[in-house]
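An overview of the molecular structure
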Amino acid sequence: MATSSLVTIFSFLFLVSSNLAADPDMLQDICVADLNAGVRVNGFACKPAANVTEADFFFQGLAKPGAATNTTMGSLVTAANVEKIPGLNTLGVSMSRVDYAPGGLNPPHTHPRATEIVFVLEGTLDVGFITTANKLIAKTITKGDVFVFPRGLVHFQKNNADVPAAALAAFNSQLPGTQSLAATLFAATPSVPDHVLTKAFQIGTKEVEKIKSRLQPKK
Ligand code: GLV
Ligand code: MN
């Protein structure tokens with residue numbers, strides 16, 4: 001092969017490999033390094049093949065409506081991720097079912113590791129997400145409709161009707177992770193300092209304390 005052809009091929013391979021090089025997607029919220037451990041893993045270690053059964057790939061937890069009326073927001077998310085279905089490990093997909101009481105809200109939240117696509121099983125929902133340019137993309141969707149929440153963007157669903165609603169959500173991650181904005185900022189442990197929240201939200205300490213007390217997890 002001519003030298004010029006080899007140079008062209010190597011230049012092409014270099015360009016392709018440098019353009020495709022990227023950190024692998026993370027599969028857990030945090031992974032504090034144990035520099036002495038022999039095992040390196042992003043996700044969960046695999047159990048021996050001899051111990052794998054059909055139960056590792058099976059889950060019935062989405063079959064029945066969750067008790068949304070008993071929650072503060074009037075919504076309940078039931079996840080079907082790798083924590084419930086061990087067979088999902090490394091497969092990059094998962095689901096959840098969301099039930100909404102009349103007036104129920106799945107409050108603004110993000111999934112750091114997944115895009116979400118929802119399918120309305122029952123009822124009508126006001127849904128939306130906000131882009132990083134702060135544009136709200138919102139729509140009212142109803143039984144049989146599908147809507148997409150791009151990865152990492154803040155989104156919500158509200159059931160404004162006086163009958164219950166339900167949706168199925170699919171994610172391109174085995175463990176999408178959920179950060180609910182209000183709870184993240186006002187119910188973290190340890191608490192986010194009041195002076196951070198008063199400045200960020202341009203409100204007084206009294207208001208911050210009031211929101212914090214309202215959002216405390218129920219004991
Ligand atoms: C809905 O947004 C969900 O995360 O299940
Ligand atoms: Mn979501």
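Anyway, here's the lowdown on the structure attached to this text. The structure displayed is predicted, hence computed values, not measured ones.

Turning next to the layout of surface pockets. To find leftover empty space, a probe the size of one water molecule is rolled over the atoms. The computed volume of the largest pocket comes to approximately 810 Å³. Forming the boundary of the largest pocket are 34 residues, of which V77, N106, P107, T178 and S180 lie nearest the centre. Among the elements that line the lining of the largest pocket, the one with the most residues is strand β1 (residues 75-80), at five residues. In terms of residue class, the lining of the largest pocket is built from 16 nonpolar, 14 polar and four charged. Approximately 260 Å³ is the volume attributed to the second largest pocket. What lines the second largest pocket is F44, A45, C46, K47, V52, D56, F57, V82, P86, G87, N89 and T90.

The topology assignment puts H109 in strand β3 (residues 105-110). Residue class for H109 comes out buried when judged on its relative accessible area of 4%. Only 3.2 Å separates the side chain of H109 from the side chain of H111, close enough to count as a polar contact. One polar contact links H109 to H155, side chain to side chain, over a distance of 2.8 Å. Sequence-distant contacts of H109, that is, excluding residues within four places in its chain, are made with E116, L153, V154, H155, Q157, T178, Q179, S180 and L181.

Here the bond from T189 into P190 is cis, since omega is -10 degrees, no more than 30 degrees from zero. Structurally, P190 can be placed in the loop between α2 (181-186) and α3 (194-201). Residue N134 is not a glycine yet carries a positive backbone phi of 65 degrees. Checked against the element boundaries, N134 lands in the loop between β5 (124-130) and β6 (136-142). The backbone of Q202 sits at a positive phi, close to 55 degrees, despite the residue not being glycine.

Those residues of α3 that fall on the buried side of the exposure criterion are D194, L197 and T198. Taken end-on, α3 shows its buried residues confined to a sector of 100 degrees, consistent with a single buried face. Opposite the buried face of α3, at more than 90 degrees from it, the exposed residues are H195, K199 and A200. Those residues of α3 that are buried lie in contact with α2 and α4 (205-215).

Summarising the metal site, the manganese ion (ligand 2) is bound by the protein donors H109 (NE2), H111 (NE2), E116 (OE) and H155 (NE2), whose distances to it range over 2.1 to 2.2 Å. Between the six donor atoms coordinating the manganese ion (ligand 2), the angles at the centre fall across 73 to 173 degrees, so the site counts as irregular. Donor residues binding the manganese ion (ligand 2) come from one chain and are separated in sequence as H-x1-H-x4-E-x38-H. E116 gets classed as buried once you look at its relative accessible area, which sits at 3%.

In total, this model carries three aromatic pairs according to the counting rule given. A centroid spacing of 6.3 Å and a plane angle of 50 degrees characterise the contact between F129 and F147, whose relative ring orientation is tilted. Pair noted here: F129 is in strand β5 and F147 is in strand β7 (residues 146-149), with a separation of 18 residues, a long-range link. Exposure class is identical for F129 and F147. Each is buried. Among the aromatic residues, those joined into a cluster by ring pairs are F129, F147 and F149.

Parameters and conventions
- Residues numbered from 1 in each chain as written.
- Chains lettered and ligands numbered in written order.
- Predicted model: local features only at pLDDT ≥ 70, side-chain atom pairs only at ≥ 80, totals over all residues.
- Heavy atoms only, no water.
- 1 Å grid on protein atoms, 1.4 Å probe; cavity = no way out; pocket = protein on both sides within 12 Å on 5 of 7 lines; lining within 4 Å.
- Points joined across faces, edges and corners; volume = space filled by probe spheres on them.
- Helix = DSSP H or I, 4+ residues; strand = E, 2+ residues; numbered from the N terminus.
- Nonpolar A, V, L, I, M, F, W, Y, C, P; charged D, E, K, R; others polar.
- Buried < 20%, exposed > 50% of the residue type's maximum accessible area, 1.4 Å probe, protein only.
- Polar contact = N/O pair within 3.5 Å; in protein donor to acceptor, adjacent residues only side chain to side chain.
- Contact = heavy atoms within 4.5 Å.
- Arc of directions from axis to C-beta.
- Donors = N, O, S within 2.8 Å, 3.2 Å for Na, K, Ca; no water.
- Tetrahedral: all angles 85-135°; square planar, octahedral: opposite > 155°, others 65-115°.
- Phe/Tyr/Trp six-rings, centres within 6.5 Å; stacked < 30°, edge-to-face > 60°.

Everything listed here is a matter of geometry and, on its own, says nothing about what the molecule does.
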